Amino acid sequence: MQSREVPNLKTDTAILVMKDLCKTYHLGSVGLRVLKDVNLTIHSGEYVAIMGPSGSGKSTLLNMIGCLDRPTAGEYLLGGQSVAVLEDDQLSLIRGARIGFVFQSFNLVSQLNVVENIEIPMYYQGFSEQASARRARELATLVGLADRLNHRPTELSGGQQQRVAIARAMANDPLIILADEPTGNLDSASGADILAILDRLHGEGKTLIVVTHDESIAAKAQRIIRLFDGRIAKEEFNGR
Amino acid sequence: MMVFRLKQIFKLGVKSLWMHRLRSTLTALGIVFGVASVIAMLAIGEGASRDAQEKIAQLGSRNIIIKTVAPPEDRSGLGRQQMMKEYGLTYDDAERFQNGIPDVQVIVPNRRLSQQVFYRNRRVSVEVIGTVPWYPDISPVRARFGRFLSITDMQYKQSVCVVEEGLVKDLFGFDDPMGQDIKIGGDYYRVVGIATEQARSQTAGGPEDKDPTGAKKTGGANMGGIYVPLTTVKNHFGEVSTQTGPATGSAMERVELQEIVVQVRSIDRVLGTRQSVQTLLALSHKKNDYEIIVPLELMRRARDVQRIFTMVLGSIAAISLLVGGIGIMNIMMATVSERTREIGIRRALGARKRDIIIQFLSETLLLTLFGGIVGIIVGSAIPFGVSYFGHMRTLITPGSLILAFGISSAVGVIFGLYPAYRAANMDPIESLRHE
């Protein structure tokens, strides 16, 4: 087994830099340009909201930031490291160690209970069983699920599931938390809970990038990036 | 670190197999039956072969057995007109072997007669074997009580006999046979010894339907033997007998010896000596009234037959394992596509391709190893059933267990690789979107 050494990422200044980044999908002979010359810099500890109508390239940009996808052209530096040159295995390790995903549909593994779900990212970073179990329980307690440790996702409410997902995203103490419509599937009360937790994480110094349709959520961010047709149409600073 | 990883991988595999208990069990059944049939078939084959080999080995691997056979009838029907048919091995033959073949160690000429033996009011059909005192040299027969025939017995044509163990109960009931007189033909014989039983050939003969120990097939399954000095037999019974057969009607025959056993000095001289025997016999016998049986050859032939037998059985079992393997692959493909989303989640959370491969491969392996272990248990039980109900000898060799276990894990790896590879190479973005 190769080393699980995560490529070293610098966090002092800009945690994320995109220069003239393009992404083209090839559907047969037709090239579909989803992202066009995106230039974006996000600093450590920032709270950024990405907005835009569907088809504007939000998801692609999110996948790009989350190292699930590689740019076709241009440059993407994550902590000073160019993502385009990284091997698939290294991308996996970066995703696991440096990025925490929170999805709209929670994406918990239904066969595993709360603790086991939170353990997944630690498992792939080579944590020992005891260490990861201990940390998973701590995190679950932190998001208020101390009494649900052995429940399966199907036995939890939507809000509780999303809290598990956030705990899981926190497992490896990532640099960036990427949330894709985190409240999209939730009622307003649990949505507010989730936003409060995300706020708290930001307060602890996490870089938070949220994709949303909801202006009220975006209003909580320090910066709103509006995408339109694969380009950054507008950047707004909330100046909090 | 590897150790606890393995433990975690194992736990994960067991967990997801446990989720689908019925499906996992049904899938593993294919391997169970494959492995069980490999073990059972090898055990039955091995048992049969061991049985044949042992029976042949009892004939002695250094022995060459020459037997009298009735020559083919003359076409003209002259055989019917002859008053007396004379054929078969003679004392002269034995003499010639003794003098003319360099590697001979022992020569044992035998008469074999079917007779009724009487003791008090009991009557048993036996085979009377007129033989020489050194008969034990060429066979596993030993005196268990008393003694075997002696030189003196032979020289003075004593009316003594050695009874085979198996006959004792039938003939003597609860009496002590030693020193008793029994009546064979018109004469009384004193019992001087009890001999161990020799494997009779009703079921033996190995792969061939021959009759290498020379017992008469017409004698029935439980016919025991009584050993009498050859000289005594010659004296009391003569060499002429009346044969009644369906084709010939009643005919007189004169046969000196039913059998001559030649023991060769060493095993590598057996085949050469066989040639010499054949040449000598061809000179003195015009009719084809003998046959030569070489246990060593039989043994080798039995081994060859066994090899083919094992190969055929093995291939059949291997095919069932192959089918089981395909079944497993099929299920794993279904599992992979069913868990596409889980794979996407795991990839997003840091799983490398090889982590996914290991996860699915270990599931397949667990399934086949589980199937393999159950298969070994079932496969080891089948031979016992076969032995018990089928009265066949079976033998489970450690080699066959290792083979079956090895095959089942190989099946797991081979048929697990492709589904695992498919799983690992799915696009994480697509998989996350999969519903």
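Okay, the overall build of chain A next. Broken down by element type, chain A carries 7 helices and 10 strands. What you see for chain A is a C-alpha radius of gyration of 18 Å, in line with the 18 Å of a compact globule of 240 residues. Dimensions of chain A along its principal axes, counting C-alpha atoms only, are 50 × 45 × 40 Å. Contacts in chain A between residues at least 24 apart in sequence constitute 70% of all its contacts with a sequence separation of at least 6.

The number of helices and strands found in chain B is 13 helices and 13 strands. Taken over 435 residues, chain B has a buried fraction of 40%. Excluding contacts between residues fewer than 6 apart, the proportion of contacts in chain B whose partners are at least 24 apart in sequence is 81%.

A few words on the interface of chain A and chain B. Chain A puts 22 residues into the contact, and the matching count from chain B is 20 residues. When contributions to the side of chain A that touches chain B are tallied by element, the ones reaching two or more residues are α2 (88-98) and α3 (114-124) of chain A. Here the side of chain A that touches chain B takes 7 residues from α2(A), the largest share from any one element. Along the lines of polarity and charge, the residues of the side of chain A that touches chain B split into 9 nonpolar, 8 polar and 5 charged.

Time to look at the sheet that holds strand β1 (residues 14-27) of chain A. Residue and element names in this part refer to chain A. In spatial order, the strands read β2-β1-β4-β5; together these 4 strands make up an open sheet with antiparallel pairing. Unpaired on one side and paired on the other, β2 (30-43) and β5 (81-82) mark the two borders of the sheet. The pairing of β1 with strand β4 (residues 73-78) spans 5 bridges and is antiparallel. Looking at β4, one finds that V17 is bridged to L77.

The next thing to look at is unusual backbone geometry. All names here are of chain A. One non-glycine residue with positive phi stands out, namely C67, at about 60 degrees. The residue C67 is located in the loop between α1 (58-65) and β4 in this model. Residue class for C67 comes out buried when judged on the 24 C-beta atoms lying within 10 Å of it. Look at D173: it is not a glycine, yet its phi comes out positive at around 50 degrees.

On to the sheet that holds strand β10 (residues 231-237) of chain A, then. Residues and elements named next belong to chain A. In spatial order, the strands read β6-β7-β8-β3-β9-β10; together these 6 strands make up an open sheet with mixed pairing. Sheet topology places β6 (99-102) and β10 at the edges, where each strand pairs with a single neighbour. For this sheet the average axis-to-axis angle between neighbouring strands, irrespective of direction, equals 20 degrees. Bridge analysis of strand β3 (residues 47-51) against strand β9 (residues 223-228) gives 4 bridges, and the strand direction is parallel. Within the sheet, the bridge partner assigned to I50 lies in β9 and is I225.

One rule of thumb: low pLDDT means the predicted coordinates there are not for detailed reading. Residues and elements named next belong to chain B. Looking at chain B as a whole, its pLDDT mean stands at 84, while 89% of the residues score no less than 70. Below pLDDT 50 for its whole length, residues 201-221 participates in 44 contacts with residues either more than four positions away or in separate chains. As a predicted assembly, this complex carries a pTM of 0.72 together with an ipTM value of 0.92.

L178(A), I39(B), C161(B) and I226(B) are the most contacted members of the largest nonpolar core, which totals 172 residues. The element contributing the most residues to this core is helix α2 (residues 21-58) of chain B, with 16 residues. Split by domain, the residues of this core number at least three in each of domain 1 (2-55 + 302-433) and domain 2 (70-288) of chain B. With residues up to four places along the chain from it excluded, the contact list for I39(B) reads I376(B), G379(B), S380(B), I396(B), S400(B), L401(B) and A404(B).

Residue and element names in this part refer to chain A. Here A49 lies in strand β3. Taking the number of C-beta atoms within 10 Å as the measure of exposure, A49 has 24 and is therefore buried. Placed 172 residues apart in sequence, A49 and A221 show a C-alpha to C-alpha distance of 5.8 Å. With sequence-adjacent residues up to four places away left out, A49 is seen in contact with V210, T212, I217, A218, A221 and I224.

Rules used throughout
- Sequence positions are assigned chain by chain, starting from 1 and proceeding in written order.
- Whichever chain is written first becomes A and whichever ligand is written first becomes 1, with later ones labelled in order.
- Given that the model is predicted, a residue must reach a pLDDT of at least 70 before its local features are reported, and side-chain atom pairs must reach 80 or more before they are shown or counted; all residues, however, enter totals for whole chains, interfaces and linings.
- For helices the rule is a DSSP run of H or I covering at least 4 residues; for strands it is a run of E covering at least 2, with both sets numbered from the N terminus onward.
- For the radius of gyration, the atoms used are the C-alpha atoms, and the globule rule reads 2.2 Å times the number of residues raised to 0.38.
- Think of it this way: build a C-beta for each residue from its backbone, and any pair within 7 Å is a contact.
- Exposure classification rests on a simple neighbour count of other C-beta atoms within 10 Å of a residue's own: a residue reaching 20 or more is buried, one at 12 or fewer is exposed, and one in between is partly exposed. C-beta atoms are placed from the backbone.
- Lys, Arg, Asp and Glu make up the charged group, whereas Ala, Val, Leu, Ile, Met, Phe, Trp, Tyr, Cys and Pro make up the nonpolar group; the residues left over, Gly among them, are polar.
- Strand pairing follows a simple DSSP-based rule, namely that at least 2 bridges must link the two strands.
- Convention adopted: a line fitted to C-alpha atoms gives each axis, helices being fitted over their contacting stretch, and angles between N-to-C directions are expressed from 0 to 180 degrees.
- Known as pLDDT, the predictor's confidence for each residue is given on a scale from 0 to 100.
- By convention in this section, buried Ala, Val, Leu, Ile, Met, Phe, Trp, Tyr and Cys residues joined through C-beta atoms within 7 Å make up a nonpolar core.
- The split into domains, and so the bounds of each, comes from an automatic or database assignment of domains.

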